[in-house]
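# Results of the structural survey
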Amino acid sequence: MILYKVLYKVIGCHLPASGTSVGPFRIGEIGRKFRAFCFCGWNNEQTEKDINIEKNVRLSEKVTLGKRSGIGEDSIISGKVTIGDNVMIGPNVTLATPMHPLLPEERNIRKREDGSFYNLEYAKPITIKDNCWLASNVVVCGGVTIGEGCVIGAGSVVTRDIPPYSLAAGNPCWVIR
């Protein structure tokens with residue numbers, strides 16, 4: 001598992017994006033397949049899923065990615081995130097599960113008796129159901145479920161659950177239809 005993560009971070013993130021060609025050679029396919037191989041390896045999954053993880057994507061080890069799904073360049077996915085089948089995630093998308101207390105005295109860093117520091121940060125999982133599309137620069141906060149067949153507009157900040165087959169956009173994100 002650690003070997004796959006090291007390969008992904010050292011080599012995979014820097015290989016060309018999937019659409020890159022040099023003359024008749026589609027060299028981006030090498031990067032796409034290598035990143036998929038590493039992801040499936042550290043998650044002990046089959047590599048026949050035909051997933052696409054573009055370059056410079058940062059993933060936590062708790063991400064589950066469905067069949068024929070893709071993550072765009074420079075996206076960040078942290079914590080426990082479940083992504084369904086046939087999901088398209090655009091570039092620069094952030095799926096962030098960490099949550100913090102709202103009151104300053106609860107959110108401040110604390111010191112244990114042994115001298116080490118900690119805070120009261122916790123995480124809420126994110127679920128993206130099948131057949132969704134998250135356009136570029138979308139931010140999804142922890143604890144959110146995006147229903148099947150949804151489209152989330154570019155630049156949206158999703159702080160609440162989105163019902164299935166909705167078109168939603170905005171900051172904060174709201175259902176348009």
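Just above sits the structure.
So, here's what we can say about the structure. Keep in mind that this is a model prediction, so the values were computed, not measured.

What follows is about the side chain of Ser 75. Summarising the element assignment, Ser 75 is placed in the loop between strand 4 (70-71) and strand 5 (76-78). Separated by 3.2 Å, the side chain of Ser 75 and the backbone oxygen of Gly 90 make a polar contact. Here Val 93 takes part through its backbone nitrogen, which lies 3.2 Å from a polar atom of the side chain of Ser 75. Apart from residues no more than four positions distant in its own chain, Ser 75 is found in contact with Asn 56, Val 57, Arg 58, Ile 89, Gly 90, Pro 91, Asn 92 and Val 93.

What the four strands build is an open sheet, ordered 3-6-13-16; its pairing is parallel. Two strands lie at the open edges of the sheet, namely strand 3 (63-65) and strand 16 (145-146), each paired on one side alone. Relative to strand 13 (residues 126-128), strand 6 (residues 81-83) is paired through three bridges, and the arrangement is parallel. The residue bridging Thr 82 from the neighbouring strand is Thr 127, located in strand 13.

Take the nonpolar core next. Formed by 34 residues in total, the largest nonpolar core has its most connected members in Ile 83, Leu 95, Leu 134 and Ile 146. Those elements that place two or more of their residues in this core are helix 2 (28-42), strand 3, strand 6 and strand 13. Examining the composition of this core, we find that four residues originate from one element, helix 2, more than from any other. Each residue touching Ile 83, except ones within four places of it in the same chain, is listed here: Val 63, Thr 64, Leu 65, Gly 66, Ser 69, Ile 77, Ile 89, Leu 95 and Ile 128.

Looking now at the pattern of salt bridges. Taken as a whole and judged by the stated rule, the model has one salt bridge. Of the charged contacts in the structure, one is a salt bridge between Arg 35 and Glu 54, with a shortest N-O distance of 4.0 Å. Linking Arg 35 in helix 2 with Glu 54 in the loop between strand 1 (52-53) and strand 2 (58-59), this pair joins segments that are 19 residues apart in sequence. Take Arg 35 and Glu 54: they sit in the same class, and that class is buried.

Here Ile 76 lies in strand 5. Using a relative accessible area of 28% as the deciding quantity, one classes Ile 76 as partly exposed. For the pair Ile 76 and Val 144, spaced 68 residues apart in sequence, the C-alpha separation works out to 16 Å. With sequence-adjacent residues up to four places away left out, Ile 76 is seen in contact with Arg 58, Val 93, Thr 94 and Leu 95.

All right, on to the sheet that holds strand 20 (residues 174-175) then. The seven strands are arranged 1-4-7-14-17-19-20 in an open sheet whose pairing can be described as mixed. Pairing within the sheet leaves two strands with one partner each, and these edge strands are strand 1 and strand 20.

Now for a nonpolar patch on the surface. Judged by side-chain polarity, Ile 2, Val 6, Val 10 and Ile 11 come together as a nonpolar surface patch covering roughly 380 Å² of accessible area. Exposure remark for Ile 2: the relative accessible area of 67% places this residue in the exposed category.

Let us look at the environment of Arg 177. Structurally, Arg 177 is set in the segment after strand 20. When its relative accessible area of 69% is taken as the criterion, Arg 177 is described as exposed. A sequence separation of eleven residues divides Arg 177 from Ser 166, and the C-alpha atoms of the two residues are 5.7 Å apart. Discounting residues that sit within four places of it in the chain, Arg 177 has contacts with Tyr 165, Ser 166 and Leu 167.

What counts and what doesn't
- Residues numbered from 1 in each chain as written.
- Predicted model: local features only at pLDDT ≥ 70, side-chain atom pairs only at ≥ 80, totals over all residues.
- Heavy atoms only, no water.
- Helix = DSSP H or I, 4+ residues; strand = E, 2+ residues; numbered from the N terminus.
- Polar contact = N/O pair within 3.5 Å; in protein donor to acceptor, adjacent residues only side chain to side chain.
- Contact = heavy atoms within 4.5 Å.
- Pairing = 2+ DSSP bridges.
- Core = buried A, V, L, I, M, F, W, Y, C linked by side-chain atoms within 4.5 Å.
- Buried < 20%, exposed > 50% of the residue type's maximum accessible area, 1.4 Å probe, protein only.
- Salt bridge = Lys/Arg side-chain N within 4 Å of Asp/Glu carboxyl O.
- Patch = residues over 30% accessible without salt bridge, like charges linked within 9 Å, V, L, I, M, F, W, Y side chains within 5 Å.
- Areas by Shrake-Rupley, 256 points an atom, 1.4 Å probe, with all protein chains shown as cover.

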